[in-house]
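Topology and contacts: notes
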Amino acid sequence: MDRLVFLLGTGLARGTLFALFALALVLIWRATRIVNFAAGAMAIVGVYVGVAVTGLTGSYWWGLVATVLAGGLVGLVVERGVLRFASPRSPLSGVILAIGLVIVLQSLLGIAFGQQHEPVPAPFSDRPLRVGGVPLLSPYDVFVVVVALGLMAVLRLLFVRTTLGLQLRAAAFAPEVARLLGVRVARMRTVGWVLAAAAASLAAMLAVPKELGLNPHAADMLFVYAFTVAVVGGLDSPGGALLAGLTVGVVMSLVTGYLGATLAPVAVLALLVVVLLVRPSGLFAQAEARRA
Amino acid sequence: MNARRTLLLALGGLVLAIGLTFLLDPYRNYQLAIAAAYLCATAGLTVLVGLSGQLSLGHAALMAAGGYGYALTSQALTSAGVGGLPRFLAATVAAVVAAGVLGLLLGLAGARLHGPYLAGLTLTLVVAVPAVAASVGALQGDRGVQTQFEGVPGPLKALIALEQWQAWVALAVAAVAVTGLALVRDGRTGLRMRAVRDDEVAAALAGIAPARVKVLAFVVSSVTAGLGGAVLTFVTQSVSPGAYTVSLSLLLLVAVVVGGLGSLLGAALGAVLLVLLPWLVGTVTDALPLPSQVTQRLDGTLPLLVFGLLLIVLVAGAPGGLAGALTAARARRRTRRRPPAPGPSAARLVPAATTRPGELREPVRTPTEG
């Protein structure tokens, strides 16, 4: 019983990270109809910068800020420099460009820093707190949940309550009409990429202390989980990403705890197959009009 | 191109390639065998992506299925006392079946999914390969499965070395795979694939079942990828999850895009590039006066960097790839000589005007090209 409660707790903590990363995929999908397969590699660039800044200043917080800023900058450069060339009429060209980006970024990081895993210490204790005698969450898990949920709330406020958010949504849903009404659609796309890349970097920075350590491939699994989450939730639905993220986090935690860590990727695959076969556009997406 | 011409071309190409093996030293022959194994997979992938418009990031997993099918069957037959050619053929058939069944399952899922969903599903499949190998007892986890050594058959022993024999076998299998794919591409099925890729609704109205065509494309592509895995296992005498990583999957895609989507010649160029570029980069970095630590670091990553840059530049700038550039150059020469004659338009599924430059499609073949 104790074990179940503990696994549920850590599962929820991991789930918020998956949800945050998946939210980054959803933002880009809504803005540009591209699934950003390079999200993991881009986020890890931000994490390298953040870890370097932490090393220089000695402060975890400056590192966190640097991660977010660097992640956003990477998003800007990638959107303006590479993904702009994706053909809007072929869904494959965006995916292939992103794959190229993954290979380039990971090999550049490999050349600069090597392939070894650099341990990244957590800023708070990793030991679980006992609530009523039952080990539940570590202080670091609590920190992760608070930051991730906080960022998601800020993003929601931005999208729903501000003029910029309205423009972002307009540019995503009806680019032509939005352009006629004076929204700078291209700029909104860039803003969407910057926001998404910054959020993904933050998620990766929060996830790294809980993994093996920092190396160019450290966010690969995070991306695969987040992709699963985004698909389960429906690529169009931020709320779906949060719910699906928590679900997948708990499922992964239970599988890892009871069946062993090696089976986690198989469980993700099974979940993805089942959801895609039953509801190909995700559990929370709106029904698509029949086309043929 | 009619079927007989395709067969003759394949036979000629095979004889030429086998003749080439006499000019190469053993290491080059080994590299040729590996390239032939990759060719099986890239040729299948190029038909899948270029003709049917489905993107698979999971061809390494399909190769792995073929490799494991080959290795396990070969092991079982060895302990049953079967050897030589029957064992090789039975193991290869097992590889084809294993990859084909996995491909059928993926294809059934893929027929309901488009673009990014299918890509993500296949990517997850590759990521799960080591986990599957670790959790199924017979696959023996990270260690993988060893196969029986297949030596040069008796009468040839005096004539050729082991590597050359392996190159012959690999080339023969690759020739079978590529010929099969060429026949599919030029036949009725290929036409249907292109119709479904360009407009599913229109294809359905014309009496084609899009889902069936997509599944068929996936199975055909998986079978050749399985052959590639079988050849790779035959040459290296073992199969393990470490050989079939996400990187290999992505590199197969790079090879296909660099060669030109939908082009079998491009797939061959891409497969050769996959083998030669790392070796070339290694030679260059060894020759430079660099500290050994830096050289070591560059060896694994610099070829990847070059591949990634090639991929981005080609998709952004020259979507036809190497083969597309060749075709375009030929077409330009031809139009300069004479004004283009309006050929029978039935062979064109898309009028050339609707395909913008910069778009990721197989270049429309004009009927005059044969």
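The shown structure was predicted, so the numbers you read here are calculated from the model rather than taken from an experiment.

Scoring rules and cut-offs
- The residue numbers shown here count from 1 along each chain, following its written sequence.
- To read the labels, note that chains go from A and ligands from 1, taken in the order they are written.
- In view of the model being predicted, local features appear only for residues whose pLDDT reaches at least 70, and side-chain atom pairs are presented and counted only at 80 or more, with totals across whole chains, interfaces and linings using the full set of residues.
- Numbering of helices and strands runs from the N terminus; a helix is a DSSP stretch of H or I covering at least four residues, while a strand is a stretch of E covering at least two.
- Partly exposed residues are those falling between the two cut-offs: more than 12 but fewer than 20 other C-beta atoms within 10 Å of their own, whereas 20 or more means buried and 12 or fewer means exposed, with C-beta atoms placed from the backbone.
- Any residue pair is listed as a contact if its two C-beta atoms, each placed from the backbone, are within 7 Å.
- For every residue, the predictor assigns a confidence score, pLDDT, that lies between 0 and 100.
- Here the nonpolar group is Ala, Val, Leu, Ile, Met, Phe, Trp, Tyr, Cys and Pro; Asp, Glu, Lys and Arg are the charged ones; every other residue, Gly included, is treated as polar.
- Helices are assigned an expected span. That span is 1.5 Å times one less than the residue count.
- Put simply, a nonpolar core is buried Ala, Val, Leu, Ile, Met, Phe, Trp, Tyr and Cys residues tied into one set by C-beta atoms within 7 Å.
- For every element, the axis is a line fit to its C-alpha atoms; helices are fit only across the contacting stretch, and the angle between N-to-C directions ranges from 0 to 180 degrees.
- The scheme is simple: roughly parallel for angles under 35 degrees, roughly antiparallel for over 145, roughly perpendicular for 65 to 115, oblique for anything else.
- If you view the pair so one helix is near and one far, a crossing is left-handed when the near helix is turned anticlockwise from the far one by less than a right angle, and right-handed when it is turned clockwise.

As a further point, take the overall build of chain B. When you go through chain B residue by residue, the secondary structure sums to 14 helices and 2 strands. Taking all 370 residues of chain B together, the buried fraction comes to 50%. Look at the contacts in chain B between residues 6 or more apart in sequence, and 80% of them connect residues 24 or more apart.

With that settled, the discussion passes to the overall build of chain A. A count of helical and extended segments in chain A gives 11 helices and 2 strands. Scanning chain A from its N terminus toward the C terminus, one meets helices and strands in the order α-α-α-α-β-β-α-α-α-α-α-α-α. Principal axes of the C-alpha set define a box for chain A whose edges measure 60 × 45 × 35 Å. Counting every position in chain A, which comprises 292 residues, the buried fraction comes to 50%.

A low pLDDT means the predicted coordinates there should not be read in detail. All names here are of chain B. For chain B, mean pLDDT is 82; residues scoring 70 or higher make up 89% of the total. Within chain B, no element has a lower average pLDDT than helix α14 (residues 321–337), which sits at 72, and none a higher one than helix α10 (residues 210–236), at 93. Scored below 50 in pLDDT, residues 341–359 shows 21 contacts in the model against residues more than four places distant or in partner chains. Across residues 361–370, where pLDDT falls below 50, the model places 18 contacts with residues more than four positions away in sequence or in other chains. Taken over the whole predicted complex, pTM reads 0.84, whereas the ipTM for its chain interfaces reads 0.85.

The subject of this paragraph is the interface of chain B and chain A. Every contact between the two is made by 45 residues of chain B and, on the other side, 39 residues of chain A. Elements that contribute at least two residues to the side of chain B that touches chain A include exactly α5 (115–127), α6 (129–135), α9 (200–205), α11 (246–259) and α13 (292–317) of chain B. With 14 residues, α13(B) is the single largest residue contributor to the side of chain B that touches chain A. Classifying every residue of the side of chain B that touches chain A by side-chain character gives 31 nonpolar, 9 polar and 5 charged.

Once that is clear, we can look at the environment of A:T57. Along the chain, the position of A:T57 falls in helix α2 (residues 39–57). Between the alpha carbons of A:T57 and A:V194 there is a distance of 25 Å; along the sequence they are 137 residues apart.

Our focus in this paragraph is α2(A). All names here are of chain A. For α2, built from 19 residues, the straight-helix expectation of 27 Å at 1.5 Å per residue is met to within 8% by its first-to-last C-alpha distance of 27 Å. Across the 19 residues of α2, 15 count as buried, placing the element largely inside the fold. Taken from the residues just after α2, G58 is the one with a positive phi, measuring 80°.

Where a protein is soluble and globular, its nonpolar side chains tend to be buried together. Among the nonpolar cores identified, the biggest contains 213 residues, and A:A203 and B:L311 are the most heavily contacted of them. Element by element, the count of residues in this core is highest for helix α2 (residues 26–52) of chain B, at 17 residues.

The next subject is the packing of helix α1 (residues 2–32) of chain A against helix α10 (residues 238–259) of chain A. Residues and elements named next belong to chain A. The geometry of α1 relative to α10 is characterised by a closest axis approach of 6 Å and an angle of 140° between their N-to-C directions. In terms of their interaxial angle, α1 and α10 are classed as oblique. Classified by chirality, the crossing of α10 by α1 is right-handed. Taken together, the residues that form the contact of α1 with α10 break down as 16 nonpolar, 8 polar and 2 charged.

Of note, B:D186 is situated in helix α7 (residues 162–186). In the structure, B:D186 is positioned 180 residues away from B:T6 in sequence and 9.3 Å away in space, judged by C-alpha atoms.

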